[in-house]
Amino acid sequence: VYTHCEAIDCWCLAPLQDSPAVKSTYSATIKTPKDLKVQMSGNKTSDKVVGNDRITEFECTLPIPSYLLALVAGNIELWSLGKRTGVFAEPEQLDLAASDLEDLETMLEKAEEYYYEYEWGNYYIVILPPSFPFGGMENPLLTFASPSIIVGDKSEISVA
């Protein structure tokens, strides 16, 4: 499962104004079956299994427009690529995705040299299933990316 709140579809998830000028912070508690993992465009503050359920909590402390509220849940794993970067993907895609994106931490550091310190803390990319109908969506902390950027030779990762 993945959300798509762009352009004005966040109102399907939460009673938020659909205007880039209106920004808000959020916290969320997501309950899933224990085998499913969840990630959001906020920092994970808690993740615990209780019986047959997984309860995961998130907090986004920087104000964002509603179209940047994002959630992905499913059979996904995280491969850490650095002290604050990583890639989420289904286990069958994870090795290749991690190989293509292995320079993500270096890319973030180089961007900081030119601009300023990355204010969100962590930066993750989630490689979505082929049914994801867009090239990508740059949500805070969690860029949604088409599996078409993972081709095995790093030629398509400039989207990051």
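In this text the structure is predicted, and so the values were computed from the model without any measurement.

Parameters at a glance
- Residues numbered from 1 in each chain as written.
- Predicted model: local features only at pLDDT ≥ 70, side-chain atom pairs only at ≥ 80, totals over all residues.
- Heavy atoms only, no water.
- Helix = DSSP H or I, 4+ residues; strand = E, 2+ residues; numbered from the N terminus.
- Rg over C-alpha atoms; globule rule 2.2 N^0.38 Å.
- Buried < 20%, exposed > 50% of the residue type's maximum accessible area, 1.4 Å probe, protein only.
- Contact = heavy atoms within 4.5 Å.
- Areas by Shrake-Rupley, 256 points an atom, 1.4 Å probe, with all protein chains shown as cover.
- Core = buried A, V, L, I, M, F, W, Y, C linked by side-chain atoms within 4.5 Å.
- Pairing = 2+ DSSP bridges.
- Axes fitted to C-alpha atoms, helices over the stretch in contact; angles between N-to-C directions.

(A) Just the overall build of the chain, in detail. Counting its regular elements, the chain contains 2 helices and 10 strands. Across the chain, helices and strands are ordered from the amino to the carboxyl terminus as β-β-β-β-β-β-β-α-α-β-β-β. In terms of C-alpha radius of gyration, the chain reaches 16 Å, essentially the compact-globule figure of 15 Å for 160 residues. Projected onto its principal axes, the C-alpha coordinates of the chain cover approximately 40 × 40 × 30 Å. By residue count, 41% of the 160 residues in the chain fall in the buried class. Contacts spanning at least 24 positions in sequence make up 55% of the contacts within the chain whose residues lie at least 6 apart. Of the roughly 8,700 Å² of accessible surface on the chain, a fraction of 53% belongs to carbon and sulfur atoms.

(B) Structural context of the nonpolar core. Counting residues in each nonpolar core, the largest one holds 25 residues, and the members touching the most others are Tyr 26, Ile 30, Met 40, Val 72, Val 126, Leu 142 and Phe 144. Among the secondary structure elements, those contributing two or more residues to this core are β1 (23-33), β2 (37-40), β4 (53-65), β5 (71-74), β8 (123-127) and β10 (142-145). The contact partners of Val 126, leaving out residues within four places of it in the chain, are Val 72, Phe 88, Leu 142, Thr 143, Phe 144 and Ala 145.

(C) Spatial organisation of the environment of Glu 57. Within the secondary structure layout, Glu 57 lies in strand β4. Taking C-alpha positions, Glu 57 is 33 Å from Val 151, a pair spaced 94 residues apart along the chain. Not counting chain neighbours up to four residues away, the residues in contact with Glu 57 comprise Ala 28, Thr 29, Asn 43, Lys 44, Thr 45 and Ser 46.

(D) The sheet that holds β10, seen in detail. Across the sheet, which stays open at both edges, the 5 strands sit in the order β6-β7-β8-β10-β9 with mixed pairing between neighbours. The sheet terminates laterally at β6 (77-80) and β9 (136-139), the two strands that pair on one side only. Going across the sheet, the axis of each strand differs from the next one's by a mean of 20°, ignoring polarity. Strand direction decides the pairing type here: β8 and β10, joined by 4 bridges, are parallel. Bridge assignment links Ile 125 to a residue of β10, and that residue is Thr 143. Along the sheet, helix α1 (residues 91-100) contacts β6, β7 (85-89) and β8; its crossing angle with β7, the most-contacted strand, is approximately 145°. Sitting on the sheet, helix α2 (residues 104-114) touches β7 and β8, and the angle it makes with β7 is about 135°.

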